[in-house]
Amino acid sequence: MSGNLWLLRDGRVGFIDFGIVGRISPRTWAAMEIFLASFATEDYNAMASALSEMGATGNDIDVDSFAKDLQKIFSSLQELDTEIIVAAARSSDATAVSANVVVDERQMNALFLDLVRVSESYGLKFPREFALLMKQLLYFDRYTRLLAPSMNMLRDERINITSNKQTRRMN
């Protein structure tokens, strides 16, 4: 099963995925650490710099403009008008509940077009290592949502997504 977790004796959680073979370069790992921290703190300049450093953008991009575009996209995501529709069906021996999130289609279209524009403008492409690490984080997020639904993984002080090396900020 992919996305296996291992609770270590010191309380840390280890990821085990025998489908991943290889090494993550120190440069990509350092950039990934900064990216995750910047995502949690909404530091778009650090986020843009980290994405550029890990090779997720084209060469010679304007990092400040990229940061402003990232901020606009994330702000648009937070400002989406959403409506939650809950439906329940009851039978003699069971009750089924379902929920759907409905978003404003015009806002979603505008957000999607912005995302495409930013992707094309900065030549966004994510390295394989980034995708693999994000896959593992999504597995972990799924488990935390099941076990601790109110926990925000990236803002919880008990969670530390760093290597043993000192993290450095990239400029």
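Computed from a prediction, not measured in an experiment: that's the story for all the values here.

### Quick notes on the overall build of the protein
Then step 1. Each helix and strand counted, the protein has five helices and four strands in total.
Then step 2. Across the protein, helices and strands are ordered from the amino to the carboxyl terminus as β-β-α-α-α-β-β-α-α.
Then step 3. Going through the 171 residues of the protein one by one, you find that 29% of them count as buried.
Then step 4. A separation threshold of at least 6 residues defines the contact pool for the protein, and within that pool the share at least 24 residues apart is 56%.
Then step 5. Accessible surface computed for the protein: about 12200 Å², of which carbon and sulfur atoms make up 54%.

### Examining the confidence of the model for the protein
Then step 1. For the protein, the average pLDDT comes to 77, and 78% of its residues sit at 70 or higher.
Then step 2. Confidence, expressed as mean pLDDT per element, reaches its minimum in the protein at strand S2 (residues 13-16) with 68 and its maximum at helix H2 (residues 44-53) with 93.
Then step 3. pLDDT under 50 marks residues 165-171. Its contacts with residues more than four places away, or in other chains, come to 16 contacts.

### As for the pairing of strand S3 (residues 82-90)
Then step 1. Of all nine residues in S3, zero are buried; the element is thus mostly exposed.
Then step 2. The loop that links S3 with its antiparallel partner strand S4 (residues 95-103) comprises four residues.

### Considerations on the pairing of S4
On a regular strand, each side chain points to the face opposite its neighbour's, so the side chains alternate between the two faces of the sheet.
Then step 1. As paired strands, S3 and S4 are joined by nine bridges and run antiparallel to one another. For Ala88, the partnering residue across the bridge sits in S4 and is Val97.

### Let's talk about the environment of Asn59
Then step 1. Here Asn59 lies in the loop between H2 and helix H3 (63-78).
Then step 2. Between the alpha carbons of Asn59 and Tyr122 there is a distance of 8.4 Å; along the sequence they are 63 residues apart.

### Some details on the packing of aromatic side chains
Then step 1. Overall, the coordinates contain four aromatic pairs when judged by the stated rule.
Then step 2. Residues Phe35 and Phe39 carry aromatic rings whose centres are separated by 6.2 Å and whose planes lie at 35° to one another, so their mutual orientation is tilted. In this pair, Phe35 and Phe39 are both assigned in helix H1 (residues 26-41), four residues apart and thus about one turn of the helix distant.
Then step 3. Looking at Phe39, the relative accessible area reads 35%, which means it is partly exposed.
Then step 4. Ring geometry for Tyr44 versus Phe74: centroids 5.7 Å apart, planes at 35°, classification tilted. With Tyr44 in helix H2 and Phe74 in helix H3, this residue pair connects regions lying 30 residues apart in the sequence.
Then step 5. Put simply, the rings of Phe35, Phe39, Tyr44 and Phe74 touch in pairs and so form one group of aromatic residues.

Calculation criteria
Residues numbered from 1 in each chain as written. Predicted model: local features only at pLDDT ≥ 70, side-chain atom pairs only at ≥ 80, totals over all residues. Heavy atoms only, no water. Helix = DSSP H or I, 4+ residues; strand = E, 2+ residues; numbered from the N terminus. Buried < 20%, exposed > 50% of the residue type's maximum accessible area, 1.4 Å probe, protein only. Contact = heavy atoms within 4.5 Å. Areas by Shrake-Rupley, 256 points an atom, 1.4 Å probe, with all protein chains shown as cover. pLDDT = per-residue confidence, 0-100. Pairing = 2+ DSSP bridges. Phe/Tyr/Trp six-rings, centres within 6.5 Å; stacked < 30°, edge-to-face > 60°.

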